[in-house]
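Chains, contacts and geometry: an overview
The residues making up each chain are set out below.
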Amino acid sequence: MITTKAPGKLYIAGEYAVLEQNCPAILVALNSFVRVTIAKSIGTTGIIHSKQYQQDSIHWTRQGTKMVIDNRDNPFEYILSAINFTEQFALEQSIPLALYDLHVNSDLDSADGKKYGLGSSAAVTVATVKAILAFYQIEASNDLIFKLSALSHYSVQKNGSAGDIAASVYGGWLAYQTFDKDWLKAELEVKTLSEVVGEAWPGLKIQVLTPPEDLHLVIGWSQKPASTSRLVDQTNAKKKTIQPEYNAFLQQSRRCVLEMIKGFDHNDIALIQKKIRANRKLLRRFAKMNQIAIEIPRLNRLITIAEHFGGAAKTSGAGNGDCGIVLADGHTNIEAMKMEWRKNGILPLNFWVHSII
Ligand code: PMV
Ligand code: MG
């Protein structure tokens, strides 16, 4: 029996802009995992089982007379896609395929089934890719795991930067830039999967960051789940109609995150905090131009309280719920801040940054 695991993630900065090429984001991996165990089946059928992911509802839209099911929040879709791509890769290495039982267990979702929004679809994809590779005894680099996972994830979600996949594969603190999706699509049409994952992907940039020693990450949960894929659908649909503002947002976000990266390179907490606050402002403006709610009242309270205690805070990820983050130095009274959060309906999450090495 083989067990693999992949961590959840949080965005620190650069959200939405990171969907475009050449716009960096910063992410962290957290010490909260999806675990996959895989073993050869004894019988004549294999099993795929997931402890937490029992689907109790589906989202759908109407397109004329058709009922269109939105499967993007269903983890099974990601598991099956990861199996599909990884087995395709194995087949191309002339490895004979076998029957197995695969069990998925996640601590990324709270015990009572509440979703924190820590990227469980990315983590489940990465952990499954790793499990299938290990099952077929294929030695894999992080680069290969990232590429197979990104392809598997994208083929279900149809949008997204794959920053969450990078965090889940590489761990720690990362600066990330997405790849050219049109290039990738064209490559896949004319080349084998093995050829494509063996190539350098234009635009893709993954850089490990070292945080200043005294930098503390504090996470608060709004207790409201949000759907990233549906928010991104909305902003994607709006892009063309707000082009000049959108382009300005991209440029400003890019500059802001590059400065923040400098803060990491120079151990400069004050600079990192300054850029967190600047990125918050950019995201608030972005929400306005898209007529979507990113910093909902609960997250606004989380941030206001954190700022009162001297931390630099913003929403994390697509917003509209899920988590907010605070970057604090040694002067912030973190316990007092958490107490104030609790009084205001915000749940502090006790996760730490997970470094793979
Ligand atoms: O809500 P999260 O933590 O999954 O983050 C989404 C970040 C976006 O930039 C909005 C989307 C993406 O895929 O990068
Ligand atoms: Mg989210």
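These lines cover the structure that appears in this document, whether it is placed above or below. Owing to the predicted nature of the structure, the values given are computational and were not obtained by experimental measurement. (Residues numbered from 1 in each chain as written. Chains lettered and ligands numbered in written order. Predicted model: local features only at pLDDT ≥ 70, side-chain atom pairs only at ≥ 80, totals over all residues. Heavy atoms only, no water.)

**A closer look at the environment of proline 7**
Heads up, the condition is: For helices the rule is a DSSP run of H or I covering at least 4 residues; for strands it is a run of E covering at least 2, with both sets numbered from the N terminus onward. Burial status follows relative accessibility: with a 1.4 Å probe on protein chains alone, a residue under 20% of its type maximum counts as buried, one over 50% as exposed, and anything between as partly exposed. Only heavy atoms enter the contact rule, under which two residues are in contact if any of them lie within 4.5 Å.
Structurally, the position occupied by proline 7 is in strand β1 (residues 2–13). Judged by relative accessible area, proline 7 falls into the buried class, the value being 2%. As a C-alpha pair, proline 7 and alanine 29 span 22 residues in sequence and 6.0 Å in three-dimensional space. Ignoring any residue separated from it by four or fewer positions in sequence, one finds proline 7 in contact with Ala29, Leu30, Ser32, Phe33, Ala123, Ala167, Ser168 and His354.

**Brief notes about the packing of helix α2 (residues 120–135) against helix α3 (residues 142–157)**
A pair of packed helices can be characterised by two numbers: the angle between their axes and the separation between those axes. As a reminder, the rule being used: Fitted lines through C-alpha atoms give the axes, limited to the stretch in contact for helices. The angle between two N-to-C directions lies from 0 to 180 degrees. For classification purposes, an angle smaller than 35 degrees is called roughly parallel, one larger than 145 roughly antiparallel, one from 65 to 115 roughly perpendicular, and anything else oblique. What makes a crossing left-handed is the near helix being turned counterclockwise from the far one by less than a right angle; a clockwise turn instead makes it right-handed.
Their axes nearest at 9 Å, the elements α2 and α3 cross at an angle of 130°. By the angle between their axes, α2 is oblique relative to α3. The way α2 lies across α3 gives a crossing that is right-handed. Two secondary-structure elements touch here, α2 through Ser121, Ala122, Thr125, Val126, Val129, Lys130 and Leu133 and α3 through Ile145, Leu148, Ser149, Ser152, His153 and Gln157.

**Quick look at the pattern of salt bridges**
Applied cut-off: Each reported salt bridge corresponds to a side-chain nitrogen of Lys or Arg within 4 Å of a carboxyl oxygen of Asp or Glu.
The full count for this structure, using the stated rule, is 14 salt bridges. A single network of salt bridges, built from pairs that share partners, joins Asp70, Arg72, Arg230 and Asp233.

**What about α2?**
At 3.6 residues per turn, the α-helix brings residues three or four places apart onto the same side. The test is simple: Working rule for helices: expected span equals 1.5 Å times residues minus one.
Here α2 spans 22 Å end to end across 16 residues, near enough to the 22 Å set by a 1.5 Å rise per residue. Among the 16 residues that make up α2, 14 are buried, leaving the element largely enclosed by the rest of the structure. Positive phi appears at glutamine 137, one or two residues downstream of α2, with a value of about 55°.

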